[in-house]
Amino acid sequence: MPLSKMEHAQASPAVSDTTKRRMELYKNMEAALQIPWYYLAAADQYEQNRRNSRRDAEPAKGSISIDINPVRWNGPLNPKAVDDNPLTINFFHGLGADGNGDGKADIHSDEDILFAFSRVLLSYGTDDDNIRIALWNYYKRDKAVGIIMGNAKIFKTFGRIDLQEKVFPVPVRTHYTYHSTWGSARGWGGRRIHEGTDIFADYGLPVRSTCYGIIEMKGWNKYGGWRIGIRDINNSYHYFAHLNGFAKDLKAGQVVSPGMLLGGVGSTGYGPPGTSGKFPPHLHYGMYKDNGYLEWSFDPYPYLRMWERRDLAKPK
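Remember, it's a predicted structure, so these values are computed and weren't measured experimentally.

Participant: I'd like a description of the packing of aromatic side chains, backed by residues and values.
Facilitator: The way to describe two aromatic rings as a pair is by their centre distance and the angle between their planes. In total, this model carries 20 aromatic pairs according to the counting rule given. Plain terms: the ring middles of tryptophan 37 and tyrosine 38 are 5.9 Å apart, the flat faces sit at 75° to each other, and that makes the pair edge-to-face. For the pair tryptophan 37 and tyrosine 38, a shared accessibility class is recorded, and that class is buried. Taking the centre distance of 5.4 Å and the plane angle of 45° together, the rings of phenylalanine 168 and tyrosine 178 count as tilted. With phenylalanine 168 in the loop between helix H8 (142-158) and strand E1 (176-178) and tyrosine 178 in strand E1, this pair connects stretches of sequence that are 10 residues apart. In this pair, the class of phenylalanine 168 matches that of tyrosine 178, namely buried. Chaining the aromatic ring pairs together yields one cluster made of Phe240, Tyr285, Phe298, Tyr303 and Trp307. The ring of tyrosine 138 carries arginine 72 above its face, with NZ or CZ at 4.1 Å from the centroid.

Participant: Mind laying out the pairing of strand E7 (residues 225-232), listing which residues take part and the relevant values?
Facilitator: Among the 8 residues in E7, 7 count as buried, and that is most of the element. In textbook terms, the turn of a hairpin is the stretch between consecutive antiparallel strands, and for strand E6 (residues 213-221) and E7 this stretch comprises 3 residues. Here E7 runs beside strand E8 (residues 236-246); their pairing, made up of 5 bridges, is antiparallel. Across the sheet, residue isoleucine 230 finds its bridge partner in E8, namely histidine 238. The hairpin formed by E7 and E8 contains 3 residues between the paired strands, and asparagine 235 there has a positive phi angle of roughly 65°.

Participant: Mind laying out the confidence of the model for the protein, listing which residues take part and the relevant values?
Facilitator: When pLDDT is averaged along the protein, the result is 91; 91% of the residues meet or exceed 70. Ignoring residues within four places in sequence, the model shows residues 1-13, a span with pLDDT below 50, making 26 contacts including any to other chains.

Participant: Can you tell me about the side chain of aspartate 110, naming the residues and giving the values?
Facilitator: With respect to the element layout, aspartate 110 can be found in helix H6 (residues 110-122). Dropping the residues within four chain positions of it, aspartate 110 is found in contact with Arg21, Leu25, Gly62, Ser63 and Ile64.

Participant: Tell me about the pairing of strand E10 (residues 261-265), residues and numbers included.
Facilitator: Within E10, 4 of the 5 residues are buried, leaving the element largely enclosed by the surrounding structure. With 3 bridges connecting them, strand E5 (residues 206-208) and E10 associate as antiparallel partners. Across the sheet, the residue bridging to arginine 208 is leucine 261, located in E10. Where E8 lies against E10, 2 bridges are found, and the strand directions are antiparallel. The residue bridging phenylalanine 246 from the neighbouring strand is glycine 263, located in E10.

Participant: Lay out the side chain of lysine 166 with the relevant residues and their values.
Facilitator: Among the structural elements, lysine 166 can be located in the loop between H8 and E1. The side chain of lysine 166 sits in the buried core without any salt bridge; aspartate 232 is the nearest counter-charge, 4.0 Å away.

Participant: Any details on the pattern of salt bridges? Residues and values, ideally.
Facilitator: Any two side chains of opposite charge can pair, on the condition that their charged atoms come close. Taken as a whole, this structure holds 14 salt bridges when the rule is applied. The residue arginine 50 makes a salt bridge to aspartate 67 at a minimum N-O spacing of 3.5 Å. A residue pair is termed long-range when its members are at least 10 positions apart, and arginine 50 in helix H3 (residues 37-52) and aspartate 67 in the loop between H3 and helix H4 (70-74) qualify at 17 residues. The exposure class assigned to arginine 50 is buried, which follows from its relative accessible area of 13%. Classification of aspartate 67 as partly exposed rests on a relative accessible area of 38%. The salt bridge partner of lysine 314 is aspartate 311, with a shortest N-O separation of 3.1 Å. Among the residues examined, lysine 314 registers a relative accessible area of 36% and is labelled partly exposed.

Thresholds applied
Residues numbered from 1 in each chain as written. Predicted model: local features only at pLDDT ≥ 70, side-chain atom pairs only at ≥ 80, totals over all residues. Heavy atoms only, no water. Phe/Tyr/Trp six-rings, centres within 6.5 Å; stacked < 30°, edge-to-face > 60°. Buried < 20%, exposed > 50% of the residue type's maximum accessible area, 1.4 Å probe, protein only. Helix = DSSP H or I, 4+ residues; strand = E, 2+ residues; numbered from the N terminus. Lys NZ or Arg CZ within 6 Å of the ring centre and 35° of its normal. Pairing = 2+ DSSP bridges. pLDDT = per-residue confidence, 0-100. Contact = heavy atoms within 4.5 Å. Lys, Arg positive; Asp, Glu negative; His and termini not counted. Salt bridge = Lys/Arg side-chain N within 4 Å of Asp/Glu carboxyl O.

What follows is the structure in C-alpha cells.
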C-alpha cells in the first residue's frame, strides 16, 4: 500500500495552514454553541480519513471534511436538488444551515457545514453519552462512534490536532532485524496469511507505541499471545503481538503517545493464556485501515522503514 497523504504529511513538523484553519473553526463553533471543540474535530478527522482511504469519495472542497449529502442537506422531500435557502431547507427538515451569517446555507461552506453538523449534536446534548447517541443516529455504525469518541479523547488529552508523529516500535540502535513478511503463508490454527511484519529482537527489548492513539484492545489472543491494539487519529489500527507482558498500569481506553512503553519483546502465543516459547522472541507488528465501511490489513514494512530512518536521524 503506498504511503497515504496523511502519512506523507508527517514529513513536515510545522503546523499547516489548513490545520490552523480547522482548529480555528472548531474553537469558533465551540464558543458559539458550547459544544466541546474536540468532538467536532474528532468527527471531522474521521471523515477526512474516510475520504483519503476510499476511491469513490471526493476530496473535501475546503478545510472541513464532514460530508452531508445533498438529500440530507436539502431535506428528503425538497423538490430542489440544490437549495441554499435556510427557510425552505428547514421547512423540508433538511440539515443545511447558515453558519457564517451570509443568509445562505451553502453545502460547500466550511462554516455552514460545521454549523449544520454541530446542530445535530446539540439536539441531543453536549455530554459524552448524548454525543454517542447523536453520532450513532447520524452514522448508524458502532465502529464509527467508537473511532470518533476515541479521537475526541486523544484531542482533548493533548489539546491539539497536529498529532501525526510516529516512531519505530523498538528503540533503534539496538539488536533487532526485520524484513517484509506481510502476506506470507501461516499454518498454525488453519491456513491464513501473515498480516504484519516480524521484528526479531532480544527477549524483553522495550516495545513502544508508534503513534498518538488510544488502546482499543489489551490481553491474550491465541495467535498473538499477549497483545495490544492501538487506534490512531488516521483510522489506522496498530497491532503489537507476542509480548512478554505489559507495562505497569496500562489499560484499554488509555491514551498513548509515540515512544510510550507498552511492554517487551516476547514469544507468547499459539495456545491458551500463558503459552510461550513456541518460536524465537519477536514483535509481530501489524497495521489495519478503516474506511468507514470495513477494515483491512496492509503491509506495515514501508512505514517501519520510514519511521526507523527518522529515528536514526534524530540526535543521540
